[in-house]
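Coordinate inspection notes
The primary structure of each chain is shown beneath.
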Amino acid sequence: MKSLLPKVTGSLFFRLFLIFSATVILFFFVITFSIRQIDENWRRERLNPLPVFYLDNVRLLVDAIGIPPDLQRAAELARDLSLTIIIRSPHINWQSDDESDLDISSTVFVRTLSDDSQMLAAGNEQVIRVARGGYEYFLNRKAPSLSDYDYIVVYLGLGFALFILFSNYWLVRRLMEPVAKLREGAEKICAGDLGYRVEVTREDELGELTESINHMADSLQSMLEAKRQLLLAISHELRTPVTRAKLQLEFMEDGDLRENLSDDINEIDLLISDLIEAERLSTQHSALILDDVDFADYIRMLAEQFQHYEGGLEVDLPDTDHSMRLDKLRIRLLMANIVNNAIRHGRGRPVTIKVAFEGEQRAVLQIIDQGEGIAAEHLRHITEPFYRVDSARQRNTGGFGLGLYLCNLIVDAHGGTLKIDSQPERGTRVTVSIPIT
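Residues numbered from 1 in each chain as written. Predicted model: local features only at pLDDT ≥ 70, side-chain atom pairs only at ≥ 80, totals over all residues. Heavy atoms only, no water.

Thoughts on the pairing of strand β9 (residues 323-326)
- The side-chain alternation of β9 yields one buried face, formed by Met-324 and Leu-326, and one unburied face, formed by Ser-323 and Arg-325.
- Pairing analysis gives 4 bridges linking strand β7 (residues 291-294) to β9, with the strands arranged antiparallel. The residue bridging Val-293 from the neighbouring strand is Met-324, located in β9. (Buried < 20%, exposed > 50% of the residue type's maximum accessible area, 1.4 Å probe, protein only. Helix = DSSP H or I, 4+ residues; strand = E, 2+ residues; numbered from the N terminus. Pairing = 2+ DSSP bridges.)

Structure (structure tokens):
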């Protein structure tokens, strides 16, 4: 029982329950108190609609108004004594309060007060009628409106209600603060930053969830790092037998068997090189060898090796070049992979290599083909390792599915972005944007 109590009191749901319960109770008390105060004040005003003072001094009131009635004096008395005074005669139809809805014609006799005065009832209202000198004087207590005290009570009640609401909002927001940190952490981990950890400052359910997410990131980081190390180790170990196979191949007689074995060994060697390069360019191992390069001129030089393409290669360069610090070997690999893809899938149609600069900020390289294109369902996966649009994985339709993955790593290592736009049967546009500085 003792161990259960701290767990319950420290629960996020329990604290939210307390907050909402306290809010409901406080609202109930504030509203009840405000209504009770206004009702009591109203009752005091309406308890005796016609106090004894008016009944005892009704003649004095009529005498003060006069016969014939002094309407200005009647208006002053009505204002000072909070009365509604109505005067009727064949020549006068006057009342002090234009907003009064008192219907004199529907009054009912209640009792006689004196020789010339009576008590009447108009609904729930009490009315005194005085007939004197051919005039009828009707006196009724004016219905009280909200007083300054009532308004103060209303405003104080609203103020307390707003204070409770804002306090409630602040408390809930404070309780839910870790949710924003968890979302930020999940987004960073999802983006590949497996070294990020969410700070744990709570011991409730959100604190436990934070620890679980951190533990998940630890496990993912350990598994991926183990995978990298295993892949690198296997790749390096495979280099030795591949090298020996190449040496043995040199002693074989020329023929179809030797040529086929040479092609297979070269493919294995290329796959190993791509795997090692991919791991070196990953977040844990990226290291660039940077040189000052005139970007447009360097792209022109790299494009020369593809001039043999029968479909035609068009190179569009700007008039002004910009010097950038790039890893020349990686940019050469990037260019080779993208242009070879364009040639392989271009169906013998022209391929365009275009260079542009966005002011002094970014260099943009575009490789455009007019070939078979890529379906929309494949575009989001095309830069994933070992992903190929051709599920049959025939060697004559592409490589190992590492080319665009390597390109994406190279561009990311240079702080740039790689974007692929494509439509089936209309071609593909690959856009590489790299910061100049």
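Quick look at the environment of Asn-408
- Position of Asn-408 among the secondary structure elements: in helix α13 (residues 403-413).
- Judged by relative accessible area, Asn-408 falls into the partly exposed class, the value being 29%.
- Spatially, the C-alpha atoms of Asn-408 and Thr-383 are 6.6 Å apart, while their sequence positions differ by 25 residues.
- Among residues more than four places away in sequence, those in contact with Asn-408 are Thr-383 and Leu-418. (Contact = heavy atoms within 4.5 Å.)

What to know about the pattern of salt bridges
- Going through the model one piece at a time under the given rule, you end up with 10 salt bridges.
- Here Asp-292 makes a salt bridge to Arg-325, at a shortest N to O gap of 3.3 Å. Taken together, the residues Asp-292 in strand β7 and Arg-325 in strand β9 connect sequence positions 33 residues apart.
- Residue classification places Asp-292 among the exposed positions, given a relative accessible area of 57%.
- Asp-327 is the salt-bridge partner of Arg-330, the closest N and O atoms lying 2.9 Å from each other. With respect to burial, Arg-330 and Asp-327 carry one shared label: buried.
- It is possible to trace a salt-bridge network through shared partners that takes in Asp-63, Asp-116 and Arg-132. (Salt bridge = Lys/Arg side-chain N within 4 Å of Asp/Glu carboxyl O.)

Concerning a nonpolar patch on the surface
- A cluster of nonpolar side chains, contributed by Ile-25, Phe-28 and Phe-29, occupies part of the molecular surface with about 340 Å² of accessible area.
- Position of Phe-29 relative to the elements: it lies in helix α2 (residues 12-46). (Patch = residues over 30% accessible without salt bridge, like charges linked within 9 Å, V, L, I, M, F, W, Y side chains within 5 Å. Areas by Shrake-Rupley, 256 points an atom, 1.4 Å probe, with all protein chains shown as cover.)

So, the sheet that holds strand β13 (residues 427-435)
- Taken in spatial order, the 5 strands line up as β8-β10-β11-β13-β12 in an open sheet, and their pairing is mixed. Every other strand in the sheet has two partners, leaving β8 (313-316) and β12 (417-423) as the edge strands with one partner each. Going from strand to strand, the sheet's axes swing by 15° on average, the running direction of each strand aside.
- Where β12 and β13 come together, 7 bridges link them in antiparallel fashion. From the neighbouring strand, Ile-420 faces β13, where its bridge partner is Val-430.
- Strands β10 (351-358), β11 (362-369), β12 and β13 of the sheet are contacted by helix α11 (residues 328-344), whose axis makes an angle of about 25° with β11.
- In this fold α13 packs onto β12 and β13, with an angle of close to 140° to the strand it touches most, β12. (Axes fitted to C-alpha atoms, helices over the stretch in contact; angles between N-to-C directions.)

Describing the sheet that holds strand β6 (residues 135-141)
- Spatially, 6 strands are ordered β2-β1-β6-β5-β4-β3 in an open sheet, and the strand pairing comes out antiparallel. For this open sheet the edge positions go to β2 (93-95) and β3 (108-112), each flanked by a neighbour on one side alone. Direction aside, the axes of adjacent strands within the sheet are offset by 25° on average.
- Relative to strand β5 (residues 125-132), helix α4 (residues 58-65) is tilted by about 55°, and along the sheet it contacts β1 (83-88), β5 and β6.
- On top of the sheet, helix α5 (residues 71-81) reaches β1 and β2; it is set at about 155° to β1, its chief contact.

Here's the deal with the environment of Asp-327
- Looking at where Asp-327 falls in the secondary structure, it is placed in the loop between β9 and α11.
- Under the relative-accessibility criterion, Asp-327 is labelled buried at 3%.
- For the pair Asp-327 and Asp-291, spaced 36 residues apart in sequence, the C-alpha to C-alpha distance is 6.2 Å.
- A distance of 3.3 Å separates a polar side-chain atom of Asp-327 from the backbone nitrogen of Leu-329. (Polar contact = N/O pair within 3.5 Å; in protein donor to acceptor, adjacent residues only side chain to side chain.)

Comments concerning the packing of aromatic side chains
- Taken as a whole and judged by the stated rule, the model has 1 aromatic pair.
- Measuring from centroid to centroid gives 6.3 Å for Phe-295 and Phe-357, while their planes differ by 75°, and the two rings are edge-to-face. Linking Phe-295 in helix α10 (residues 295-303) with Phe-357 in strand β10, this pair joins segments that are 62 residues apart in sequence.
- Looking at Phe-295, the relative accessible area reads 2%, which means it is buried. (Phe/Tyr/Trp six-rings, centres within 6.5 Å; stacked < 30°, edge-to-face > 60°.)

A short note on the nonpolar core
- Counting residues in hydrophobic clusters, the biggest one holds 39 residues, and the most contacted among them are Phe-295, Leu-334, Met-335, Ile-353 and Leu-365.
- Of all elements in the fold, only α10, β9, α11, β10, β11, α13, β12 and β13 reach the threshold of two or more residues within this core.
- Sorting elements by how many residues they give to this core places α11 first, with 8 residues.
- Those residues in contact with Leu-334, other than ones at most four positions away along the chain, are Cys-407, Ile-410, Val-411, Leu-418 and Val-432. (Core = buried A, V, L, I, M, F, W, Y, C linked by side-chain atoms within 4.5 Å.)

Quick word on the pairing of β11
- With 7 of 8 residues buried, β11 lies mostly within the body of the structure.
- Pairing between β10 and β11: 7 bridges, direction antiparallel. Among the inter-strand pairings, Thr-352 is bridged to a residue of β11, identified as Ile-368.
- Hairpin connection, β10 to β11: the antiparallel pair is bridged by 3 residues, and Gly-359 has positive phi, about 60°.
- As judged from the 8 bridges shared by β11 and β13, these two strands associate in the antiparallel manner. Within the sheet, the bridge partner assigned to Asp-369 lies in β13 and is Thr-428.

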